[in-house]
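In case you want the letters, here they are:
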Amino acid sequence: MQNIRKLSDDLYYVGCSDRRLALFESAYPVPDGMSYNSYLLNDEKTVLFDTVDKACALQFFENVDAALDGRNLDYLVVHHMEPDHAALISELVKKYPNVKIVCTAKAKDMIKQFFDFDADNFVQVVKEGDTLNTGKHELAFISAPMVHWPEVMVSYDKTDKTLYSADAFGSFGAINGNLYDDEVDFNDGYLSEARRYYTNIVGKYGTQVQMLLKKVSQFDVKVIYPLHGLIIRKNISEFIEKYNRWSLYMPEENGVLIAYSSVYGGTENVINILASKLADKGIKNIKVFDVSYSNHSDVLAQAFRYSHIVLATTTYNMGIFESMHSFLTSLVSHNLQNRKYVLVENGSWAPACGGQMKIEIEKLKGSEFLTDTLCIKSALKSDQLSDLENMADMIVNSIKGGN
Ligand code: FEO
């Protein structure tokens, strides 16, 4: 049965959600499911904005049929060719053989890579600044390369002053009835998964996100229609400000992320004492993760959020303990910049991981080490408590001094 939602006089939500998916992109846990948004404009010409993941195919086609209400589909605007939005293009073409596919030249190439139908017969290539008049509405196309693939574009509806933003401004999580950001607790609940989505999916491409934000700032945007998550109409400026900070790799707030791994508890004991000292000295935002157990997508999101990062791990096979090495790889590959670091290394006979962690972090622009790496041999000794105290003071002074 169709499940469409009327968004305005002539616009419908025809997307759907998957709550059975364990890992989005086979990488990121989605305990609250995942939505794949698609929108149908019923103007003089009919326009579908993207398809959905194949997991939702049946529901999607029922929705599109219902929203078209017997009309033909004139246009499919493809903002992004990743299969969570583009999987059903070839099925759509079979069902609506007169449809014109509007997309960038790179997206056309990708259509040919993914599918066997004759794309040349269907595709109308558009570029930055091109427009499409559908009757009452005029759509302007804006290229958004690497947000999150190279072929991406977004569309601005000049009539309704709305932005179809592709992956930008999306979030993990299924749609739970409510479609709009002002129908949920945006700052306390929703933003956390939107942050995890941004940092893990698009976090590496800050420069390209900045370019898109600059372009979007030229438009008066009343509503944002992303391809995942809620439609944004109340928190537009707040969300854009978050995107600005994330893409500039500026921390959202002062606080300390402590990420550690510990084989027998010696390293864990050190970071627990450090966390207590920080709290005693008045630091409020402290998040501690064992990277051997916590999902790295959660830890990365907090690394983007906070100003200071403590990394503590064990030397293992003369290298960095595996789970910490994996987290560091994630940190470096997502290009996190401008953070202040403190390192703790452990090693019962030949501690070596501190220097190796430092080499990884030095790859990230704007990284600063507040003090020397604290070296533990098996367990913290009482004569090292002063070093830990000093480490806590360095962090506190840096935070309080805004440095
Ligand atoms: Fe939601 Fe990059 O696809």
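Here the structure is a predicted model, which is why all the values come from computation and not from measurement. (Residues numbered from 1 in each chain as written. Predicted model: local features only at pLDDT ≥ 70, side-chain atom pairs only at ≥ 80, totals over all residues. Heavy atoms only, no water.)

### Focus on the nonpolar core
Among the nonpolar cores identified, the biggest contains 92 residues, and Phe60, Ile89 and Ile101 are the most heavily contacted of them. The greatest single-element share of this core, amounting to 8 residues, is contributed by helix H5 (residues 186-202). Dropping the residues within four chain positions of it, Ile101 is found in contact with Leu76, Val78, Ile89, Val93, Ile111, Phe117, Phe122, Val123 and Gln124. (Core = buried A, V, L, I, M, F, W, Y, C linked by side-chain atoms within 4.5 Å. Buried < 20%, exposed > 50% of the residue type's maximum accessible area, 1.4 Å probe, protein only. Helix = DSSP H or I, 4+ residues; strand = E, 2+ residues; numbered from the N terminus. Contact = heavy atoms within 4.5 Å.)

### As for unusual backbone geometry
With an omega dihedral of 25 degrees, the bond running from Val147 to His148 counts as a cis peptide bond. As for its placement among the helices and strands, His148 is situated in the loop between strand S13 (138-143) and strand S14 (153-157). The residue Asp50 is not glycine, and still its phi comes out positive at about 70 degrees. Tracing the backbone through its elements, the reader meets Asp50 in the loop between strand S8 (46-49) and helix H1 (57-68). A residue is classified by how much of its surface remains accessible, and Asp50, at 2% relative accessible area, is buried.

### Focus: the side chain of Thr267
Within the element layout of this structure, Thr267 appears in helix H8 (residues 266-280). With a relative accessible area of 2%, Thr267 lands in the buried category. With residues up to four places along the chain from it excluded, the contact list for Thr267 reads Ser261, Ser262, Ala312, Thr313, Thr314 and Asn346.

### Some remarks on helix H9 (residues 296-305)
Burial analysis of H9 places 9 of its 10 residues in the buried class, the great majority of the element. Inspection of H9 places His296, Ser297, Val299, Leu300, Ala301, Gln302, Ala303, Phe304 and Arg305 among the buried residues, and these make up the whole buried set.

### Some thoughts on the pattern of salt bridges
Inspection of every chain in the model, using the stated rule, returns 21 salt bridges. When the shortest N-O distance is used, the salt bridge between Lys108 and Asp120 registers 2.9 Å. Of this pair, Lys108 sits in helix H4 (residues 105-114) while Asp120 is found in the loop between H4 and strand S11 (123-125), placing the two residues 12 residues apart along the sequence. Classification of Lys108 as buried rests on a relative accessible area of 18%. (Salt bridge = Lys/Arg side-chain N within 4 Å of Asp/Glu carboxyl O.)

### Notes on the packing of helix H6 (residues 206-216) against helix H7 (residues 236-248)
Where H6 contacts H7, the two axes come as close as 8 Å, and the packing angle between them is 145 degrees. Taken as a pair, H6 and H7 cross one another with a handedness that is left-handed. Counted together, Gly206, Val209, Gln210 and Leu213 of H6 and Ile240, Tyr243, Asn244, Ser247 and Leu248 of H7 form the full contact between these two elements. Residues that form the contact of H6 with H7 fall into these classes: 5 nonpolar, 4 polar and no charged. (Axes fitted to C-alpha atoms, helices over the stretch in contact; angles between N-to-C directions. Left-handed = near helix turned anticlockwise from the far one by under 90°. Nonpolar A, V, L, I, M, F, W, Y, C, P; charged D, E, K, R; others polar.)

### Details of the state of the cysteines
Across all of its chains, the model carries 0 disulfides by this definition. With no disulfide of its own, Cys353 lies 8.1 Å from the sulfur of Cys375, the closest cysteine sulfur. Accessibility expressed as a relative area gives 0% for Cys353, which makes it buried. (Disulfide = S-S within 2.5 Å.)

### Observations concerning the packing of aromatic side chains
In the structure shown here, the tally under the stated rule is 24 aromatic pairs. On the numbers, 5.4 Å between centres and 80 degrees between planes, the contact of Phe186 with Phe239 is edge-to-face. Here Phe239 lies in helix H7 and Phe186 lies in helix H5, a separation of 53 residues in the sequence. For the pair Phe186 and Phe239, one class covers both residues: buried. (Phe/Tyr/Trp six-rings, centres within 6.5 Å; stacked < 30°, edge-to-face > 60°.)

On their own, these measurements won't tell you what the molecule is for.
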